[in-house]
Amino acid sequence: MTVDSSTGRLTQRERRERTESALITAAAELVVESGLRSLTLAGVGERAGYSRGIVNHHFGSKQALVEALALATQSGFVPGMDGREPGLDRLLALVDGYVGKLAEVGVTNRAFLVLWAEASTAPELTETFRRRDEAFRSDLRADVAAGIAAGTVRPEADPDDVAVAIVGQLRGIGLQRLLDGDAVNTERLRRTVADHWRRALSTEDPTRR
């Protein structure tokens, strides 16, 4: 992190980013410990060592805080995806990377899975997590469509169906990792899941592999 060279102090932007990061981490900890009902602006401020006024200043509402938490936990979850062209290779790399990343799931990602599981029965979460899942599915649909156009994905593959199936599978594996980590061997499973989708989608003859 850089500092103002003339004073040796953090800039205003850096102070804001540091504070928001601390507040999001505090919110994640509370969610992991007790679920959505435990999450209040006052509680987040207390956990992070700030006043409720600071939390209000940065987020304004619990809904905005939840949205920020959802975005923070998923942005860049699998590194290196932004520079890859849509297609089968990107889809397989995402699947492999997602399962592999679950081996080191931290408090913010655990919070995302807890909230995602609660979203079906918590109206204040439903829209936020619907948008997050739709963004995930949109990327996957683009990969399938690009693969079909390039001739690497079977033309009968339906982008919508594939996207729904992959998101459901990956989120489900994440929840199992959260509930019973010892039952999920992420290093072995990442290869199994990626190979499953390669065989299901690729136009390449699997007997030649």
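If you're wondering where the values come from, they're calculated on a predicted model, not measured in any experiment.

Draft legend 1. Region of the structure containing helix α3 (residues 52-59). Residues Val55, His58 and Phe59 constitute the buried set of α3. The buried side chains of α3 occupy one side of the element, clustering within an arc of 75 degrees when seen end-on. In the segment just after α3, glycine 60 is the residue with positive phi, at about 85 degrees.

Draft legend 2. Fine view of the nonpolar core. Leu39, Val44, Leu115, Leu125 and Phe129 are the most contacted members of the largest nonpolar core, which has 27 residues in total. Put simply, the parts of the chain that give this core at least two residues each are α1 (12-34), α2 (41-48), α3, α4 (62-74), α6 (107-118) and α7 (123-150). Contact partners of valine 44, with chain neighbours within four places excluded, come to Leu23, Ala26, Ala27, Leu30, Leu39 and Leu65. Counting residues in each nonpolar core, the second largest holds 26 residues, with Leu94, Leu140, Ile173 and Val193 among its members.

Draft legend 3. Focus on the packing of aromatic side chains. Applying the stated criterion across every chain yields a total of two aromatic pairs. Residues tyrosine 98 and phenylalanine 136 carry aromatic rings whose centres are separated by 5.9 Å and whose planes lie at 25 degrees to one another, so their mutual orientation is stacked. Placement of the pair is tyrosine 98 in helix α5 (residues 88-101) and phenylalanine 136 in helix α7, with a sequence separation of 38 residues. Taken as a pair, tyrosine 98 and phenylalanine 136 share a single burial class, namely buried. Relative to phenylalanine 129, the ring of phenylalanine 112 has its centre 5.1 Å away and its plane inclined at 45 degrees; by these criteria the two rings are tilted. Of this pair, phenylalanine 112 sits in helix α6 while phenylalanine 129 is found in helix α7, placing the two residues 17 residues apart along the sequence.

Parameters and conventions
- Residues numbered from 1 in each chain as written.
- Predicted model: local features only at pLDDT ≥ 70, side-chain atom pairs only at ≥ 80, totals over all residues.
- Heavy atoms only, no water.
- Buried < 20%, exposed > 50% of the residue type's maximum accessible area, 1.4 Å probe, protein only.
- Helix = DSSP H or I, 4+ residues; strand = E, 2+ residues; numbered from the N terminus.
- Arc of directions from axis to C-beta.
- Core = buried A, V, L, I, M, F, W, Y, C linked by side-chain atoms within 4.5 Å.
- Contact = heavy atoms within 4.5 Å.
- Phe/Tyr/Trp six-rings, centres within 6.5 Å; stacked < 30°, edge-to-face > 60°.

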